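Here is what each chain is made of, one letter per residue.
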There are 2 protein chains.
Amino acid sequence: MLIVQKYGGTSVANDECIMRAAGRITESFSKGNKLVVVLSAQGVLTDALIRKARRLNPNAGPREMDMLLSTGEQQSAALMAMAIHKLGFPAISLTAGQVGIQASTNYGNARIKNIATSRLNLELERNNIVLVAGFQGINRYGDITTLGRGASDTTAVAIAAKLNADLCEIYTDVDGVYTADPNIITNAIKLREISYEEMLELASAGTQVLHNRSVEMAKRYRVNLVVRSSMTAAEGTTVKEGVRLVEKLHVSGVAADDKIARISLVGVTDKPGMAFHIFSLLAKGNVPVDLILQPVSYNGIKDVTFTVNKADLQRSLDIMRANQPSIGYRDLTWAADVAKITIVGAGMASNPGVASMMFESLYDCGVNINMISTSEIKISVLVDRVHMEKALSAVHDKFIESQRDFFVKVVE
Amino acid sequence: MLIVQKYGGTSVANDECIMRAAGRITESFSKGNKLVVVLSAQGVLTDALIRKARRLNPNAGPREMDMLLSTGEQQSAALMAMAIHKLGFPAISLTAGQVGIQASTNYGNARIKNIATSRLNLELERNNIVLVAGFQGINRYGDITTLGRGASDTTAVAIAAKLNADLCEIYTDVDGVYTADPNIITNAIKLREISYEEMLELASAGTQVLHNRSVEMAKRYRVNLVVRSSMTAAEGTTVKEGVRLVEKLHVSGVAADDKIARISLVGVTDKPGMAFHIFSLLAKGNVPVDLILQPVSYNGIKDVTFTVNKADLQRSLDIMRANQPSIGYRDLTWAADVAKITIVGAGMASNPGVASMMFESLYDCGVNINMISTSEIKISVLVDRVHMEKALSAVHDKFIESQRDFFVKVVE
């Protein structure tokens, strides 16, 4: 089998972790598999480099930041090669430039455009375990761009897709995908399988297990994806097409996200193209928008509310203020102390009543809902940050814990 | 003017050093100069990375070591760009790969073969201060090779030569070239000028101020070289062709080196090509040989003595033992507790008696000479390590201190 593995920052955090990962890699190699392994930077190294940069220049530009940060993954790849050599196996480390991972010029948040296969195939033919620095690409100017925090997952999935690998294994510090964050909901249940769509909604909803672009890409190219722990031998969670389990469940996971902020434009004159105007201004400013709420207008006036990453709040407000004349809103309000609670389930669309069950569970525990947004397989609500844990717990109890016997039977 | 500057590890060791160097760079840029700046890794970072690698694999291979170590210079280049941006000036950092510094495949000790100028010239035309990661090149496989410890000097001189720069300034933690190591000889005198040849002999003799390949290259391409401190405004030492000062002096500097070891092959049969055989074996084993002593043979039998870096002693002995049959020596002896004392001066050749003055000064302080080697402009002697400081001091007194008035008058 051709397998692409990815080891996250906690899986290579120190000598012991590196040697443990090297053991896993060479064990798989010994079974006759061909291996491409994508590495993240060691533990807290990326944060340390960011702090170092900010001390010198709080507004350090993204091109130079990418030049700096990409060294972390390069170091991990080289160190892993040394560890594998120590175990007596052949290995070679490659930077994104050496592999030929072509990316867009959007420094700090670039996208992979193509991956050259010649060097990868050459090293695989030489029977090398190929270690690739994750998180980075080379743009058309030959400069290093990074793909966003957590994007080593995306590097791995993209390589798996391009090489048509049999399997893509994401090794991380959790042993799979749970029905909710086990750090908050202690009785959350580990899922054995989940569909691409559900995983995508969970990733967008604040679950940190997989980088959401990696799931998008896995879905598009039908990459066989497994999430598992590098610390234990536990089975992990398989992310794939059409999963039997979820057909029978209304909700397969709940998630919470408090890294967001709400912005409302009050009293916008309702004319065609206004929404396009507002959100294209944000897109030009490189601000990703999450939830959008725009009720029917009243007397030709309406309010437009949306959420952005908390880190983008100030920039978003600046953009809105600078364009007040062309948008023509009456008032600008915002809140940073909010959280988003999301429930995800492929069976949701065919099961009416799921939304009202969710709202009921929140009402029962006294949590007010600020904003609601739904899709085919998820429902998100915005609540005050102070209620996040309580709301998550109530929703998990309602949909998952109440069916624990069923879940545990199917899952384990 | 087009100026190439180089900042060593101590000159970028922390935030304060980086900002100070950024101040110097932008000051020169403000005067209308075009600048290419070569950076070393921060302070002790390279040593820390080496320790990290050795913990994982004491025999870490040189290709992966280069992949790891080259990140240090890349980080320095990016951090310096951020610091310069902070001061409000334009700058861009480039890796050796982005510049196109082509090097040999000899990992860990590669040589620069060529430097592409298109990206450098493009960025200079864009009015950028161009920051280049030192110490590294790209070989014909597209892999990163490093140029040997201290070789960022060589990167700077090579770029200066290729771009035909007006000046190459090497910023380091000493404020110039002294008549002897000021850490040992406290009354050593700083030279205002020194010739390429003398600097080369001093660099080979153990003076750490400049990487010796950088001096070779500066001499070959007539690069106008200045060594100065990044901490002070002191003038520094100019290294250049035909220097007035040294014509009048017998000796312009003395140096000591205890990082060497002596090996003797006793009782070698004297036949044609024997020396070639011995030293080509060492060259194949990638062992640089320093002094070589081979007296006239006696009854067709002779002894061959040479010195190598202490780090290469064991490997050299292994090579000699493995080839005992083909060399045919009777005995192999060695000593690691030795030191080399060297005096350098362009006026030496035309001043007979310099050698005997040196031997006299050593005799006077009771130091026995194990081995002597001379060239046009230098004399090296091998002494027991225990006598190194005493010998250096005696020689410095004899040639420099005795003429202090003359030196100080000419130099300051």
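The structure presented is a predicted model; accordingly, all values stated were derived computationally and were not measured. Numbers given for residues are sequential positions, taken from 1 along each chain in its written order. Starting at A for chains and at 1 for ligands, labels are handed out in the order in which the entities are written. Where local features are concerned, this predicted model is filtered to residues with pLDDT of at least 70; where side-chain atom pairs are given and counted, the filter is 80 or more; whole-chain, interface and lining totals use all residues. The side-chain quantities take in all heavy atoms of the structure and omit both hydrogens and water.

Participant: What should I look at first to understand the overall build of chain A in this one?
Facilitator: Across its full length, chain A holds 15 helices and 20 strands. For a compact globule of 412 residues, the expected C-alpha radius of gyration is about 22 Å, and chain A comes in at 23 Å, within 12% of that figure. For chain A, the spread of C-alpha atoms along the three principal axes comes to 75 × 55 × 35 Å. Scored against the burial criterion, the 412 residues of chain A give a buried share of 56%. Look at the contacts in chain A between residues 6 or more apart in sequence, and 75% of them connect residues 24 or more apart. When the accessible surface of chain A is summed, it comes to about 16700 Å², and 50% of that surface belongs to carbon and sulfur atoms. The charged-residue count follows a simple rule in which Lys and Arg add positive charge and Asp and Glu add negative charge, with His and chain termini not counted at all. One atom stands in for each charge, and that atom is NZ of Lys, CZ of Arg, CG of Asp or CD of Glu. In chain A, 44 positive and 42 negative side-chain charges are present, and the distance between their average locations comes to 5 Å. In this description a helix means any DSSP run of H or I spanning at least four residues, a strand means any run of E spanning at least two, and both kinds are numbered starting from the N terminus. Computation of the radius of gyration draws on C-alpha atoms, with the globule rule given as 2.2 Å multiplied by the number of residues to the power 0.38. Relative accessible area decides the class of each residue, using a 1.4 Å probe on protein chains only: under 20% of the type maximum gives buried, over 50% gives exposed, and in between gives partly exposed. For this analysis, residues touch if any pair of their heavy atoms sits within 4.5 Å. Each accessible area is a Shrake-Rupley estimate made with a 1.4 Å probe; only the visible protein chains count as cover when residues are assessed.

Participant: I'm lost on the packing of helix 7 (residues 196-204) of chain B against helix 8 (residues 212-220) of chain B in this one. Help?
Facilitator: A pair of packed helices can be characterised by two numbers: the angle between their axes and the separation between those axes. Residue and element names in this part refer to chain B. Direction vectors running N to C along helix 7 and helix 8 enclose 165°, while the axes themselves pass 9 Å from each other. For the element pair helix 7 / helix 8, the angle class is roughly antiparallel. The crossing of helix 7 and helix 8 is left-handed. The segment helix 7 lies against helix 8, with Tyr196, Glu197, Met199, Leu200, Ala203 and Ser204 engaging Asn212, Val215, Glu216, Ala218 and Lys219. Each residue belonging to the contact of helix 7 with helix 8 can be placed in one class, and the counts come to six nonpolar, two polar and three charged. Each axis is a line fitted through C-alpha atoms, and for a helix only the stretch in contact is used; angles between axes span 0 to 180 degrees, taken between their N-to-C directions. Note that the term roughly parallel is reserved for angles under 35 degrees, roughly antiparallel for angles over 145, roughly perpendicular for angles of 65 to 115, and oblique for everything else. Whether a crossing is left-handed or right-handed is set by the direction in which the near helix is turned from the far one by less than a right angle, anticlockwise for left-handed and clockwise for right-handed. Here the nonpolar group is Ala, Val, Leu, Ile, Met, Phe, Trp, Tyr, Cys and Pro; Asp, Glu, Lys and Arg are the charged ones; every other residue, Gly included, is treated as polar.

Participant: Would you mind showing me how to read helix 13 (residues 354-364) of chain A here?
Facilitator: Along an α-helix, a turn takes 3.6 residues, which lines up residues three or four apart on a common side. All names here are of chain A. Among the residues of helix 13, those classed as buried are Val354, Met358, Ser361 and Leu362. Looking straight down helix 13, one finds that the buried residues subtend no more than 100° of arc, so they occupy a single side. Facing away from the buried side of helix 13 by more than 90 degrees, the exposed set consists of Tyr363 and Asp364. Residues of helix 13 that are buried make contact with strand 18 (338-344), strand 20 (378-384) and helix 14 (388-399). By arc we mean the arc of the directions from the helix axis to the C-beta atoms, nothing more.

Participant: Explain the sheet that holds strand 10 (residues 193-195) of chain B to me, please; I cannot follow it from the model alone.
Facilitator: Across a sheet, strands are paired by hydrogen bonds formed along the backbone, either parallel or antiparallel in direction. Residues and elements named next belong to chain B. In space, the eight strands of this open sheet follow the order 3-6-2-1-9-11-12-10, with mixed pairing throughout. Of all strands in the sheet, those with a lone pairing partner are strand 3 (91-94) and strand 10, marking the two edges. Ignoring strand direction, the axes of neighbouring strands in this sheet form an average angle of 20°. Strands in contact with helix 1 (residues 15-30) are strand 1 (2-7), strand 2 (34-39), strand 6 (129-133), strand 9 (167-172) and strand 11 (225-229); relative to strand 1, the strand with the most contacts, it is inclined by about 175°. Strands in contact with helix 5 (residues 118-125) are strand 1, strand 2, strand 3 and strand 6; relative to strand 2, the strand with the most contacts, it is inclined by about 130°. When DSSP locates at least two bridges between a pair of strands, those strands are taken to pair.

Participant: When you look at helix 8 (residues 212-220) of chain A in this model, what are you seeing that I'm missing?
Facilitator: Residue and element names in this part refer to chain A. Of all the positions in helix 8, only Arg213, Ser214, Val215, Met217 and Ala218 are classed as buried. Tucked into the core, helix 8 has its buried residues touching helix 6 (152-163), helix 7 (196-204) and strand 11 (225-229). Directly beyond the C-terminal end of helix 8, a positive phi value near 50° is found at arginine 222.

Participant: Honestly, the packing of helix 6 (residues 152-163) of chain B against helix 8 of chain B in this entry has me stumped. Any pointers?
Facilitator: Residues and elements named next belong to chain B. Where helix 6 contacts helix 8, the two axes come as close as 7 Å, and the packing angle between them is 15°. In this view, helix 6 runs roughly parallel relative to helix 8, as classed from their interaxial angle. Once helix 6 is placed against helix 8, the crossing between them reads as left-handed. In this structure, helix 6 uses Asp153, Thr154, Val157 and Ala158 to contact helix 8, whose residues at the interface are Arg213, Ser214, Met217 and Ala218. Among the residues forming the contact of helix 6 with helix 8, the class breakdown is four nonpolar, two polar and two charged.

Participant: Whenever I open this one, unusual backbone geometry confuses me. Can you help?
Facilitator: Glycine aside, residues mostly have negative phi, and peptide bonds are mostly found in the trans state. A positive phi angle, near 70°, is found at A:Asn127, a position not held by glycine. Within the fold, A:Asn127 resides in the loop between helix 5 (118-125) and strand 6 (129-133). Positioned with a positive phi, B:Asn164 is a non-glycine residue whose angle comes to about 55°. A residue is classified by how much of its surface remains accessible, and B:Asn164, at 63% relative accessible area, is exposed.

Participant: Can you help me understand the side chain of B:Arg63 in this one?
Facilitator: Tracing the backbone shows B:Arg63 in helix 3 (residues 62-86). A distance of 3.0 Å separates polar atoms of two side chains, one belonging to B:Arg63 and the other to B:Asp143. Not counting residues within four places of it along the chain, the set of residues in contact with B:Arg63 comprises A:Ile92, A:Ser93, A:Leu94, A:Gln98, A:Arg119, B:Tyr107 and B:Asp143. Within 3.5 Å is the distance limit for a polar contact, defined as a pair of N or O atoms, with the added protein rule that one can donate a hydrogen and the other accept it, and that residues adjacent in sequence qualify only through two side-chain atoms.

Without other data, these values stay purely geometric and don't point to any function.
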